[in-house]
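# Coordinate inspection notes
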Amino acid sequence: MRYLVLNWKMNPSTLKEAKALFRKTKKGAIVCPPSIYLGHLKGCLGAQDVSWGDSYTGEIAPKMLKDMGCKYVLVGHSERSRYLGETEDMVSKKLRVILEEGLTPILFVGDESRKSDDDGLITDKVRRLVSGLDTEKIIFVYEPVWAISTEGGDSPASEEALRGRDAILAGVDKDVRVLYGGSVDSKTVNRYLEFDGVVVGRASLDPKEVRKIAKQL
Ligand code: PGA
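The present account deals with the structure reproduced in this document. All figures in this text were calculated on a predicted structure; none of them were measured in a lab.

## Thoughts on unusual backbone geometry
Looking along the chain, the bond that leaves Asn11 and enters Pro12 is cis, with omega of -15°. Tracing the backbone through its elements, the reader meets Pro12 in the loop between β1 (3-7) and α1 (15-25). One non-glycine residue, Lys9, adopts positive backbone phi at about 55°. Notably, Ser183 is not glycine yet its phi reads approximately 55°, a positive angle. Here Ser183 shows up in the loop between β7 (177-181) and β8 (197-200).

Shown next, in the form of C-alpha cells:
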C-alpha cells in the first residue's frame with residue numbers, strides 16, 4: 001500500500017471550505033488539516049503537530065488528537081525548525097509522546113540545500129532523532145527543503161530522491177517505510193513510485209490534482 005498524506009498547512013481559511021475540501025479528497029488519504037478543524041472533519045486521520053508538555057499554552061496533547069480520531073501526526077517538518085524554532089530535542093520528545101499514545105508519527109527529514117552533497121548529515125540526524133525508539137512504528141518522509149513548493153520547488157529526479165531515502169534507511173536498523181515529499185503533483189508523482197507513498201502540500205488543496213495523484217499511486 002502506498003500512503004497519500006495531504007498536508008494542508010494553514011489552509012483553507014474557513015471551516016466551510018475545509019469541509020468541502022475534505023469531502024472531495026479524503027478517500028484513501030491521510031488528510032492533515034489545521035488542528036482547529038480536526039473536531040469538525042469526521043474520519044480525519046492526521047494532525048500537523050503535537051506537544052509533549054502538559055501545560056504549554058496554545059499546544060495540543062496527543063490524547064486530544066487520539067480522541068478526535070487521529071491516527072497519524074506529522075512531526076519535524078522543516079517549516080517548524082526554520083520559522084518556529086523547533087529543535088531536534090523537541091522533535092525527539094514529540095516522537096516519544098506520539099508513540100506512547102499509540103499514534104503513528106510521520107517524521108520529516110531532508111537536506112537544506114541541493115548543493116550539500118553530504119548524505120551523512122541526514123543519516124546522522126535520523127540516528128539522533130530515533131535513538132531508543134521503535135523505528136518500525138515511524139513513517140519517515142524524505143523531504144528536501146529546496147523541493148518544497150514555497151521554498152523554490154525544485155523537485156528532484158528519481159535517483160536523487162532515492163539517495164535521500166537511502167540516507168534515511170542507513171540511519172535505522174530496520175526496514176522502515178519512507179515517503180517522498182516536496183512539490184508532488186500529478187506530473188511529478190510518477191518519479192517517486194519507489195517510495196512507500198507521498199506527502200502533498202500545495203496540490204492537496206486542489207481536489208482534481210489529488211484525484212490524479214491518487215490514481216497513480
Ligand atoms: P509542497 O509541500 O507539496 O507544497 O511542496 C510539501 C510539504 O511541505 O509537506
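## A few points about the state of the cysteines
By the definition in use, this model includes zero disulfides. Left without a disulfide partner, Cys44 is nearest to the cysteine sulfur of Cys70, which lies 5.9 Å away. Classification of Cys44 by relative accessible area gives buried; the value is 1%. Overall, Cys70 belongs to the buried group, its relative accessible area being 3%.

## Remarks on the pattern of salt bridges
Scanning all chains against the criterion turns up 15 salt bridges. A salt bridge links Arg82 to Glu112; its shortest N-O distance comes to 3.5 Å. Placement of the pair is Arg82 in helix α3 (residues 78-84) and Glu112 in the loop between β5 (104-109) and α5 (119-130), with a sequence separation of 30 residues. In this structure, Asp89 and Lys93 form a salt bridge, with 3.0 Å as the shortest nitrogen-oxygen distance. Remark: Lys93 and Asp89 occur in helix α4 (residues 88-100); sequence separation between them is four residues, near one turn of the helix. By relative accessible area, Asp89 is classed as partly exposed at 46%.

## Some points on the site of the ligand
Near the ligand there are 14 residues, and of these Lys9, His77, Ser149, Ser183 and Arg202 occur at the shortest range. In the environment of the ligand, an oxygen atom lies 2.5 Å from a nitrogen or oxygen atom belonging to the side chain of Ser149. A distance of 2.8 Å separates an oxygen atom of the ligand from a polar atom in the backbone of Gly201. A total of 280 Å² of accessible area belongs to the ligand in isolation, and the protein chains cover 99% of it.

Rules behind the numbers
- For every chain, the first residue of the written sequence is number 1, and numbering continues from 1 along that sequence.
- Where totals are concerned, whole chains, interfaces and linings use all residues; where local detail is concerned, this predicted model gives features only for residues with pLDDT of at least 70, and gives and counts side-chain atom pairs only at 80 or more.
- In computing side-chain values, all of the structure's heavy atoms are included and hydrogens and water are not.
- Numbering of helices and strands runs from the N terminus, with a helix taken as a DSSP run of H or I at least four residues long and a strand as a DSSP run of E at least two residues long.
- Cysteine sulfur atoms are paired as a disulfide whenever they come within 2.5 Å of each other.
- Exposure categories follow from relative accessible area, calculated using a 1.4 Å probe and restricted to protein chains: below 20% of the type maximum is buried, above 50% is exposed, and the middle band is partly exposed.
- Each reported salt bridge corresponds to a side-chain nitrogen of Lys or Arg within 4 Å of a carboxyl oxygen of Asp or Glu.
- Nearness is defined per residue: one heavy atom within 4 Å of the molecule or strand is enough.
- Between N or O atoms, a polar contact is any pair within 3.5 Å; within protein, one atom must be a potential hydrogen donor and the other a potential acceptor, and residues adjacent in sequence are included only when both atoms are from side chains.
- Every accessible area reported is derived by Shrake-Rupley at a probe size of 1.4 Å, with residue values counting cover from the shown protein chains alone.

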